[in-house]
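So the chains spell out like this:
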Amino acid sequence: MPLIVSSSIMIHAKLIYTFEDAQLDGQIVAALDVNTVANAVYAHNYGSNLVKTRNIQSLSVKEVTKLQANMLLMSPPCQPHTRQGLQRDTEDKRSDALTHLCGLIPECQELEYILMENVKGFESSQARNQFIESLERPGFHWREFILTPTQFNVPNTRYRYYCIARKGSDFPFAGGKIWEEMPGAIAQNQALSQIAEIVEENVSPDFLVPDDVLTKRVLVMDIIHPAQSRSMCFTKGYTHYTEGTGSAYTPLSEDESHRIFELVKEIDTSNQDASKSEKIVQQRLDLLHQVRLRYFTPREVARLMSFPENFEFPPETTNRQKYRLLGNSINVKVVGELIKLLTIK
C-alpha cells in the first residue's frame, strides 16, 4: 500500500508507527514537511531518501500519479482553528496547504484512502467544509470523529478531529454524525494504564521545575502522581509556559503531596502581606522542594503519545525541539486504530 505522508510541522515517523501498530503493510513513497528539525528526526529513524523539505503547495497531480500513491495521511496546520488563535480559518495563510490538497484530491485518480487529523474545532470550520467537498466530488465515503487517547487505554487527554475517507465500499457504520467513540466501542471498557508505567527511572535533576516557577506558578500546574491514570494534553509550549501546556510529575502519593501543599497554603494565608520576609519565602520553597516536582521527559511524553521504544531523536536535538515536535504530534495508537477502520472492508 503506497502512501504519501503530507504533514505540517509534525514528526513523520509516527505515521509509519501507526501502520506497525495497525499490523498493516504500508510503504511510504514520500514524506513532506517544511520543518527541517522534524525531517531530521524522520531521517534519523528511517533514512533520508524519502523525506523532502518542501512546502506542500509544490506537490502536483503529476507527481502524486508518478509516485502511484493510493493513500494520503495528513495533519495540516492547526493554528487557523485553535481556541488560542485568531481562528481566521481559510483566510489564514496557513490554510493554503490544505486548500492546495483539496484541489489535488479530486484530480488524483490513484488515491483510494485518506486520513486527516486536526484540532478539535476544525469540525465547525469553513476549511472542513472545503475538505469534505473535495472528498465528495470524486466519490469518497467519509466519516468524522472526535477522539482522545484515554479511550484507548492511554492515560493522556488529547481530543482531536479525525476524518477517514475511502473509495469503493462504504463504511459499515453510520455517517451524518461526528463519532465521539470508536464504532462498537471496542476500547471503552479497558482499564487505563497508570502513569507509573510510563515514567523513567533516575531522571536527571535538569527536569526539576525551576525555583522561580515553583515560587510563582506551582498552584496553577496540573500535577500528576504515580497511581493516577491521566495527564493533560502536551503542547509545543511545554516547559516554556506553565499553564495549559502539559502536566508535571511528582513521585509522591496524592496524600503526601496534598499534605505539603496544605502547609504551603497555611504559609500563604498567614503571610498575605506582599513583602514576605526572606525567611518565609525560603520556608515555603523548602516545602515545595519536598514535592520533587519535575517535567515529564521527552521519552515519557513520547510514551504517552504511544511511540514505540525504538523511536529516537537525533543526538543534536535539544529538549526544547523535542517538546515542540511532540506537542505538534499525533497519538500513534489512536491513528493506528483509525487506519484499521479505514482499510479493513
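Calculation criteria
- Residues numbered from 1 in each chain as written.
- Predicted model: local features only at pLDDT ≥ 70, side-chain atom pairs only at ≥ 80, totals over all residues.
- Heavy atoms only, no water.
- Helix = DSSP H or I, 4+ residues; strand = E, 2+ residues; numbered from the N terminus.
- Buried < 20%, exposed > 50% of the residue type's maximum accessible area, 1.4 Å probe, protein only.
- Contact = heavy atoms within 4.5 Å.
- Areas by Shrake-Rupley, 256 points an atom, 1.4 Å probe, with all protein chains shown as cover.
- Salt bridge = Lys/Arg side-chain N within 4 Å of Asp/Glu carboxyl O.
- Pairing = 2+ DSSP bridges.
- Axes fitted to C-alpha atoms, helices over the stretch in contact; angles between N-to-C directions.
- Parallel < 35°, antiparallel > 145°, perpendicular 65-115°, else oblique.
- Left-handed = near helix turned anticlockwise from the far one by under 90°.
- Nonpolar A, V, L, I, M, F, W, Y, C, P; charged D, E, K, R; others polar.
- Polar contact = N/O pair within 3.5 Å; in protein donor to acceptor, adjacent residues only side chain to side chain.
- Core = buried A, V, L, I, M, F, W, Y, C linked by side-chain atoms within 4.5 Å.
- pLDDT = per-residue confidence, 0-100.
- Arc of directions from axis to C-beta.

Attention shifts here to the overall build of the chain. Scanning the chain for helices and strands turns up 11 helices and 11 strands. Counting over 345 residues, the chain shows a buried share of 51%. Here the analysis covers contacts within the chain between residues at least 6 apart in sequence; of these, 76% occur between residues at least 24 apart. Element-wise, carbon and sulfur atoms account for 47% of the exposed surface of the chain, whose accessible area totals about 16200 Å².

Before going further, it helps to examine the pattern of salt bridges. Applying the stated rule across the entire model yields 12 salt bridges. Between Glu144 and Arg128 there is a salt bridge, with its nearest N and O atoms 2.8 Å apart. One end of the pair, Glu144, is in strand S6 (residues 141-147); the other, Arg128, is in helix H5 (residues 126-136), and 16 residues separate them in sequence. No difference in accessibility class separates Glu144 from Arg128, as the two residues are buried. What emerges from the salt-bridge pattern is a single network uniting Lys333, Glu337 and Lys340.

Turning our attention to the sheet that holds strand S11 (residues 294-295). Read from one edge of the open sheet, 3 strands run S9-S10-S11, paired in mixed fashion. Of all strands in the sheet, those with a lone pairing partner are strand S9 (223-224) and S11, marking the two edges. One ladder, built from 2 bridges, connects strand S10 (residues 248-249) with S11; its direction is antiparallel. Within S11, the residue paired with Tyr249 across the bridge is Arg294.

Note that Arg324 resides in helix H10 (residues 319-327). Separated by 86 residues in the primary sequence, Arg324 and Tyr238 place their C-alpha atoms 7.5 Å from one another.

Relative to the elements of secondary structure, Thr317 occurs in the loop between helix H9 (298-304) and H10. Taking the relative accessible area as the measure of exposure, Thr317 reaches 10% and is therefore buried. Beyond its immediate chain neighbours, meaning those up to four positions away, Thr317 contacts Val37 and Lys322.

The next subject is the packing of helix H4 (residues 96-104) against H5. Put simply, H4 and H5 touch, their axes get as near as 8 Å, and they point 20° apart. It follows that H4 is roughly parallel to H5 by the angle criterion. Crossing hand, H4 versus H5: left-handed. Counting all contacts with H4, which are made through Leu98, Thr99 and Cys102, the residues of H5 involved are Ala127, Gln130, Phe131 and Ser134. Grouping the amino acids of the contact of H4 with H5 by side-chain chemistry returns 4 nonpolar, 3 polar and no charged.

This part is about unusual backbone geometry. Unusually for a residue other than glycine, Asn153 sits at a positive phi of about 70°. Mapped onto the secondary structure, Asn153 falls in the loop between S6 and strand S7 (160-166). Judged by relative accessible area, which is 24%, Asn153 ranks as partly exposed.

On to the environment of Lys340. Inspection of the secondary structure assignment puts Lys340 in helix H11 (residues 332-343). Considering only alpha carbons, one finds Lys340 and Leu24, 316 residues apart in sequence, at a separation of 7.8 Å. Among the polar contacts made by the side chain of Lys340, one reaches the side chain of Glu337 at a distance of 3.3 Å.

In terms of nonpolar packing, the biggest core is built from 41 residues, with Val218, Met221, Leu293 and Phe296 touching the most fellow members. Taken together, the elements giving at least two residues each to this core come down to helix H2 (36-46), helix H6 (211-217), S9, S10, helix H7 (254-270), helix H8 (278-289), H9 and H10. Each residue touching Met221, except ones within four places of it in the same chain, is listed here: Val209, Val213, Thr242, Ala248, Leu293 and Tyr295. One finds Ile56, Ile114, Ala127 and Ile132 within the second-largest nonpolar core, a separate group that totals 26 residues.

The subject of this paragraph is the confidence of the model for the chain. The share of residues in the chain with pLDDT of 70 or more is 86%, and the mean pLDDT across the chain is 87. Per-residue pLDDT stays below 50 along residues 7-13; that stretch engages in 32 contacts with residues further than four places along the chain or on separate chains.

Judged by how many residues are buried, strand S4 (residues 71-75) sits mostly within the fold: 5 of 5 residues are covered. Here S4 shows two buried faces, one formed by Met71, Leu73 and Ser75 and the other by Leu72 and Met74. The sheet contact formed by S4 and strand S5 (residues 113-119) spans 4 bridges and is parallel. Within S5, the position partnered with Leu73 by the bridge is Leu115.

This part takes up H5. For H5, the full list of buried residues reads Ala127, Arg128, Phe131, Ile132, Ser134 and Leu135. Viewed along the axis of H5, the buried residues span an arc of 155°, placing them on a single side of the element. Buried residues along H5 sit against S4, H4, S5, S6 and S7.

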